[in-house]
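Coordinate inspection notes
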Amino acid sequence: MLNSKIPAGPLEEKWSDYKGHVRLVNPSNKRKIEIIMVGTGLAGASAAASLGELGYQVKAFCFQDSPRRAHSIAAQGGINAAKNYQNDGDSVFRLFYDTVKGGDYRSRESNVHRLAEVSANIIDQCVAQGVPFAREYGGLLSNRSFGGTQVQRTFYAAGQTGQQLLIGAYQALERQVTLGNVKMYNRHEMQELVIIDGKARGIITRNLVTGELERFFGHAVVLCTGGYGNVFYLSTNAMGCNVTAAWKAHKKGAYFANPCFTQIHPTCIPVSGDYQSKLTLMSESLRNDGRIWVPKEKNDNRKPKDIPEADRDYYLERRYPAFGNLVPRDVASRAAKERCDAGYGVGTSKQAVYLDYADAIERYGRIECSKKGIENPTAEQINAHGRDVVKEKYGNLFDMYEKITGENPYEVPMRIYPAVHYTMGGLWVDYELMTTIQGLYCLGEANFSDHGANRLGASALMQGLADGYFVIPYTIGSYLADDIRTKAIPTDHPAFAEAEKSVADRLQQLKNIKGNQPVESFHKRLGKIMWDKCGMARNEQGLQEAILEIQALKKEFWSDLKIPGDIKEMNPELDKACRVADFIELGELMCIDALNRRESCGGHFREEMQTEEGEAKRDDANFSFVSAWEYEGENKWELHKEELVFDVAKPSQRSYK
């Protein structure tokens, strides 16, 4: 039976009551306790810095050459917080409710409310670190709109919010490195979890420069390794993003929750050819001011500027008048797919829609002209001043689009199409962020806990920093209070030797295949299976076929893979092979989970389960639970259910009309 450890009492008092009664570790004992932090993106860097500040001895690992290379930098649009600076009706409760509703009532109420509670503290923390948030004329921090809400609660630093937040966390981390509380291990990738007497006590890593396997002890292990969107091959994730650390933990006993809940982002630059290995995201923030449309006539090949207003279909504004272009990502993505599938797509591939800034440029231009006292401004003056405002807010995003496509988005609409972006699923954790393995914690996108079946925009940065700065420092202390007399376990312990041997044997097995196909080809084929049959839409037949195809692909992988080079040297192909082997197994579980969940909710859209209007149709009577899968061996998992209880945000059919 899963024990989520949700505190008793009213929802709004659970977290404060927990903090008031949680067990503590005194400062002198903290200095004797070692914690392993795997991953140093926003969740990992903030957690390592916070725990180091408290006095714990932290060992932090990243496979990049620096924590500043973490994929957190790619979160461009902003970070949510319930500060109500705009005086537009926001509150902790409204942020909580929007998040639960946006996740289609498949998230845990207590975790989401805690997230909303600490959100305001995150902004204060980051401002104190020097994060250059955008500000209004009077000096107050600026806010903008994001999908799934009717208030402006998203704080931002132009179009590079994730990067600026990561620099703040990185500075805090490096301070602890200098003080000796944190020891950084760059270019090290976790390959195995070490369990001693039922508790996570260390990891085995591969030094990606030398190829050597290394052993590390910790009284507790914290995974902050991000999402698994690259299982689809083409995604907005950095190409190094992988599931390996979480998957190794899963195979050691950590349950994997809701793996089929993947998010398709509506504003991605469309695929341009088979040669691509990565997709580029245009920030969610662009839907704040941009208008999305397609021609009203099928296969209309006119240039967008030649299509008059009367011949344009602003389909999100038409279908969802209350939220318009700011509907949640899953809704916007499915709507774009529906229009393109129906023959209204644009561009050479016809798999794109327009994101148009002409109205925003004119609106901002008129405001600026009015501010400057320009009476009866010309169209050129309006356009010039409007461009300046848009450039200040989104300039780096517009520049990025032009460099990739060769088109000037100030003059012609951007072309966008949905793409794999974020994973709401991840390792199952309880209220304290501990997995089903004692002493193993999981933070940020790597866990399942806060977003349900669909994440609202600007909530990923919020969750990562909430977990790292304000949650794990309390919850991990409750566990470590029992470990103050536990001395460091030598890494020559049999459990470490056994774990290292299993890694070495696996690497040797991969190297000994000596087949004919490069690992990239297997990854690409897996991605096609996943996108076609477990992507934006799924159905029973397709998922059943996908499971068989993935099993066949796995057999072929282990019999015909070719890896050049040696094990004990820098070998990117071997690194990639290890990750793709885990992706293949994860892909099978994702399809099993999607097949088992016979309902549509959020980013999980079963074609057999939809309303007459084509919206997701939940089945609360039978599927109001978290799917937590236990690994039992080759192609075999057991399902455990965490029933979801909604005391405050009562489930209802989502409507953004």
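Notes on the structure in this doc start here.

About the criteria used
Residues numbered from 1 in each chain as written. Predicted model: local features only at pLDDT ≥ 70, side-chain atom pairs only at ≥ 80, totals over all residues. Heavy atoms only, no water. Helix = DSSP H or I, 4+ residues; strand = E, 2+ residues; numbered from the N terminus. Rg over C-alpha atoms; globule rule 2.2 N^0.38 Å. Buried < 20%, exposed > 50% of the residue type's maximum accessible area, 1.4 Å probe, protein only. Contact = heavy atoms within 4.5 Å. Axes fitted to C-alpha atoms, helices over the stretch in contact; angles between N-to-C directions. Parallel < 35°, antiparallel > 145°, perpendicular 65-115°, else oblique. Core = buried A, V, L, I, M, F, W, Y, C linked by side-chain atoms within 4.5 Å. Left-handed = near helix turned anticlockwise from the far one by under 90°. Nonpolar A, V, L, I, M, F, W, Y, C, P; charged D, E, K, R; others polar. Pairing = 2+ DSSP bridges. Expected span 1.5 Å × (residues − 1). Polar contact = N/O pair within 3.5 Å; in protein donor to acceptor, adjacent residues only side chain to side chain. Phe/Tyr/Trp six-rings, centres within 6.5 Å; stacked < 30°, edge-to-face > 60°.

**Structural notes on the overall build of the chain**
The helix and strand inventory of the chain stands at 17 helices and 19 strands. Relative to the 2.2 N^0.38 estimate, which gives 26 Å for 657 residues, the radius of gyration of the chain is 24 Å and therefore close to what a compact globule would have. Viewed in the frame of its principal axes, the chain has a C-alpha envelope of about 80 × 55 × 50 Å. The burial tally for the chain puts 61% of its 657 residues in the buried class. Across the chain, the fraction of contacts at a sequence separation of at least 24, relative to all contacts at a separation of at least 6, is 73%.

**Examining the packing of helix 14 (residues 519–534) against helix 15 (residues 540–560)**
Here helix 14 crosses helix 15 at 175°, and the two axes come no closer than 10 Å. Relative to helix 15, the element helix 14 lies roughly antiparallel. Counting all contacts with helix 14, which are made through Val519, Phe522, Arg525, Leu526, Ile529, Met530, Lys533 and Cys534, the residues of helix 15 involved are Gly542, Leu543, Glu545, Ala546, Glu549, Ile550, Leu553, Glu556, Phe557 and Asp560.

**Focus on the nonpolar core**
Counting 186 residues, the largest nonpolar core has Ile79 and Leu223 as the members making the most contacts within it. Per-element accounting of this core gives the leading share, 13 residues, to helix 16 (residues 572–596). When near neighbours in sequence (up to four residues on either side) are disregarded, Leu223 contacts Val38, Met190, Ala245, Ala246, Ala249, Leu427, Leu440, Tyr441, Cys442, Leu443 and Ala446. Among the nonpolar cores identified, the runner-up in size contains six residues, and Trp293, Ile307, Tyr314 and Val346 belong to it.

**Digging into the packing of helix 15 against helix 16**
Their axes nearest at 9 Å, the elements helix 15 and helix 16 cross at an angle of 160°. As judged from the angle between their axes, helix 15 and helix 16 are roughly antiparallel. Classified by chirality, the crossing of helix 16 by helix 15 is left-handed. Contacts between helix 15 and helix 16 pair Glu540, Leu543, Gln544, Ala546, Ile547, Ile550, Gln551, Lys554, Phe557 and Trp558 from the former with Ala577, Val580, Ala581, Ile584, Glu585, Gly587, Glu588, Cys591, Ile592, Ala594 and Leu595 from the latter. Residue composition of the contact of helix 15 with helix 16, grouped by class: 14 nonpolar, three polar and four charged.

**Considering the pairing of strand 12 (residues 291–295)**
Counting buried positions over the five residues of strand 12 gives four, a clear majority of the element. Pairing analysis gives three bridges linking strand 12 to strand 14 (residues 353–356), with the strands arranged antiparallel. If you follow Arg291 over to strand 14, its bridge partner there is Asp356. In this structure, strand 12 lies alongside strand 13 (residues 312–313), joined through two bridges in antiparallel fashion. Each bridged residue has a counterpart across the sheet, and for Pro295 the counterpart in strand 13 is Arg312.

**Side note on the sheet that holds strand 8 (residues 213–217)**
Read across the sheet, three strands follow the order 6-7-8 without closing on themselves; strand pairing throughout is antiparallel. Looking at the sheet topology across the chains shown, the edges are occupied by strand 6 (188–196) and strand 8. Averaged over all neighbouring strand pairs, the angle between strand axes comes to 25°, with direction disregarded. Taken together, the five bridges between strand 7 (residues 199–207) and strand 8 define a ladder with antiparallel strand orientation.

**Concerning helix 16**
The end-to-end C-alpha distance of helix 16 is 36 Å, a good match for the 36 Å that 25 residues give at a rise of 1.5 Å each. Across the 25 residues that make up helix 16, a large majority, 20, are buried.

**Overview of the environment of Asp341**
Among the structural elements, Asp341 can be located in helix 9 (residues 329–341). Given the relative accessible area of 48%, Asp341 is considered partly exposed. A C-alpha to C-alpha distance of 8.1 Å links Asp341 and Gln351, two positions ten residues apart in sequence.

**Quick look at the environment of Thr154**
The topology assignment puts Thr154 in strand 4 (residues 154–155). With residues near it in sequence (within four places) discarded, Thr154 still touches Gly77, Gly78, Ile79, Asn80, Ser142, Asn143, Arg144, Ser145, Phe146 and Ala458. Here the side chain of Thr154 touches Asn80 through a polar contact of 2.8 Å, side chain to side chain.

**Re the sheet that holds strand 13**
If you walk across this open sheet you meet the five strands as 11-15-14-12-13, and the pairing is antiparallel. Two strands bound the open sheet, and with one partner strand each, they are strand 11 (262–268) and strand 13.

**Structural notes on the side chain of His188**
Within the secondary structure, His188 is located in strand 6. In this structure His188 comes out as buried when scored by relative accessible area, which is 9%. At 3.2 Å, the side chain of His188 and the side chain of Glu214 are in polar contact. Ignoring any residue separated from it by four or fewer positions in sequence, one finds His188 in contact with Phe61, Cys62, Phe63, Thr205, Arg206, Asn207, Glu214 and Phe216.

**A few points about unusual backbone geometry**
For Asn84, which is not glycine, the phi torsion reads 55° and is therefore positive. Residue position: Asn84 is located in the loop between strand 3 (79–80) and helix 4 (92–102). With phi around 70°, Leu433 is a residue other than glycine that occupies positive phi space. Relative to the helices and strands, Leu433 resides in the loop between strand 16 (426–427) and strand 17 (440–442). Residue Leu433 is classed as buried on the basis of its relative accessible area of 0%.

**Details of the packing of aromatic side chains**
According to the stated counting rule, one finds 27 aromatic pairs in the structure shown. Each ring, one from Phe61 and one from Phe216, has its centre 4.8 Å from the other, and the planes form 70°; the classification is edge-to-face. Highlighted residues: Phe61 in strand 2 (residues 57–62) and Phe216 in strand 8, separated in sequence by 155 residues. The buried category is assigned to Phe61, whose relative accessible area is 2%. With a relative accessible area of 8%, Phe216 lands in the buried category. Between Trp293 and Tyr314 the ring centres are 6.3 Å apart and the planes differ by 50°, which places this aromatic pair in the tilted class. Highlighted residues: Trp293 in strand 12 and Tyr314 in the loop between strand 13 and helix 8 (315–319), separated in sequence by 21 residues.

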